[in-house]
Amino acid sequence: MKPVKPMVDSSDIETAAIAPITPGDVESFHRALDVVARERKYLSFLEAPSLDQTRSFAMDRIVRGDPGFVAVVRGEVVGWCDISRHDRLIHAHRGILGMGIIPSYRGRGLGLRLINATLAQARKAGFVRVELSVHSDNARAISLYDKVGFAREGVQRDAICIDGEYRDTIMMAIVERENAAG
Ligand SMILES: CC(C)(COP(=O)(O)OP(=O)(O)OC[C@H]1O[C@@H](n2cnc3c(N)ncnc32)[C@H](O)[C@@H]1OP(=O)(O)O)[C@@H](O)C(=O)NCCC(=O)NCCS
């Protein structure tokens, strides 16, 4: 059974704009990132990096043309999905996906819309491999990744430790050689 959702007008979800991240979104993106990080459950950091670091990370990706989308409701970023291309030449066909949605907007299909937009952009940009790692107890994220075609590649045992508790991470990837430019 899905959990009861806090009060968010369902029209907010329907009208949420899914759009490429722009420099003007960075401060709002930083706030959303910090909310999700501070839950201490899902991300690889427990609070957002500083606003300056977040800005340079986001601007770097915008300039490189890496896929990055935000979900925006009434001018505020409520979710994001991005893929960062690996730097080294032999890994440049690969990117790592990260995403998050602030709590009250989860479980209503926004994640699916965000990841579909971002993967479509990755295909256009020629990514052959999109990979991610997800905490093994994050059932909702795993279900979303399964649904859009990620395959499980392995488990890293005790890969994370939060507040003294160890957990495994699951490595997942989509591989599509046909995306490579001809
Ligand atoms: C993971 C996340 C991005 C998914 O986005 P979302 O908008 O909540 O997900 P969606 O509404 O698109 O639903 C995804 C799927 O999970 C299912 N689902 C919803 N709640 C679930 C739950 N508690 N347990 C298992 N599956 C669940 C949905 O039913 C849906 O599958 P379906 O369409 O086949 O029914 C979002 O929940 C989130 O930000 N979580 C916290 C941060 C996080 O986990 N980031 C990813 C780190 S790897």
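All figures in this text were calculated on a predicted structure; none of them were measured in a lab.

Next up on the list: the pattern of salt bridges. All chains considered together, the criterion is met by 18 salt bridges. Between E27 and R55 there is a salt bridge whose closest N-O contact spans 3.4 Å. One end of the pair, E27, is in helix α2 (residues 26–37); the other, R55, is in helix α3 (residues 51–64), and 28 residues separate them in sequence. By relative accessible area, which is 43% here, E27 ends up partly exposed.

What follows concerns the site of the ligand. Around the ligand, the structure places 23 residues, and the nearest of them are I101, G107, G109, N138 and K147. Taking I101, its main chain carries an N or O atom lying 2.7 Å from an oxygen atom of the ligand. Between an oxygen atom of the ligand and a main-chain N or O atom of L112, the distance comes to 3.1 Å. Contact with the protein chains covers 80% of the free accessible surface of the ligand, which is 950 Å². Every element with two or more residues in the shell around the ligand is listed here: β4 (94–101), α4 (110–124), β5 (129–135) and α5 (139–147). Considering each element in turn, the shell around the ligand owes the most residues, seven residues, to α5. Along the lines of polarity and charge, the residues of the shell around the ligand split into eleven nonpolar, seven polar and five charged.

Moving on, we come to the nonpolar core. Core analysis: the largest hydrophobic core is formed by 44 residues, its most contacted members being L97, Y105, I115, L119, Y145 and F150. Setting aside chain neighbours within four positions, we find L97 in contact with C81, D82, I83, I115, L119, V130, E131, L132, Y145 and F150.

Let us now look at the side chain of R129. Mapped onto the elements of the fold, R129 is located in strand β5. Residue contacts for R129: discarding those within four places in its chain leaves H93, R94, G95, E153, A173, I174 and V175.

This part covers unusual backbone geometry. A positive phi angle is found at R40, which is not glycine, with a value near 60°. For R74, which is not glycine, the phi dihedral falls at a positive 45°. With respect to the helices and strands, the residue R74 is situated in the loop between β2 (68–73) and β3 (76–85).

Looking now at the sheet that holds β3. With respect to topology, seven strands assemble into an open sheet ordered β1-β2-β3-β4-β5-β7-β6, the strand pairing being mixed. Each edge of the open sheet is held by one strand with a lone partner, namely β1 (17–20) and β6 (151–162). This sheet shows a mean twist of 25° between the axes of neighbouring strands, independent of strand direction. Docked against the sheet, α3 engages β2 and β3, running at close to 60° with respect to β3. Contacts from α5 reach β4, β5, β6 and β7 (165–175), with the element oriented near 160° to β5.

A few words on the pairing of β2. When you tally the buried positions in β2, you get six out of six residues, the bulk of the element. Alternating positions in β2 separate into two faces, G68, V70 and V72 on one and F69, A71 and V73 on the other, with burial throughout. Two strands pair when backbone bridges link them, and β1 and β2 are joined in this way by four bridges, in the antiparallel orientation. Residue pairing for β2: A19 is matched across the bridge by V70. Bridging between β2 and β3 involves six bridges; their strand directions are antiparallel. Opposite V73, over in β3, you have E76 as the bridge partner. In sequence, β2 turns back onto β3 through a hairpin of two residues, with R74 there showing a positive phi of about 45°.

Rules used throughout
- Residues numbered from 1 in each chain as written.
- Predicted model: local features only at pLDDT ≥ 70, side-chain atom pairs only at ≥ 80, totals over all residues.
- Heavy atoms only, no water.
- Salt bridge = Lys/Arg side-chain N within 4 Å of Asp/Glu carboxyl O.
- Helix = DSSP H or I, 4+ residues; strand = E, 2+ residues; numbered from the N terminus.
- Buried < 20%, exposed > 50% of the residue type's maximum accessible area, 1.4 Å probe, protein only.
- Near = heavy atom within 4 Å.
- Polar contact = N/O pair within 3.5 Å; in protein donor to acceptor, adjacent residues only side chain to side chain.
- Areas by Shrake-Rupley, 256 points an atom, 1.4 Å probe, with all protein chains shown as cover.
- Nonpolar A, V, L, I, M, F, W, Y, C, P; charged D, E, K, R; others polar.
- Core = buried A, V, L, I, M, F, W, Y, C linked by side-chain atoms within 4.5 Å.
- Contact = heavy atoms within 4.5 Å.
- Pairing = 2+ DSSP bridges.
- Axes fitted to C-alpha atoms, helices over the stretch in contact; angles between N-to-C directions.

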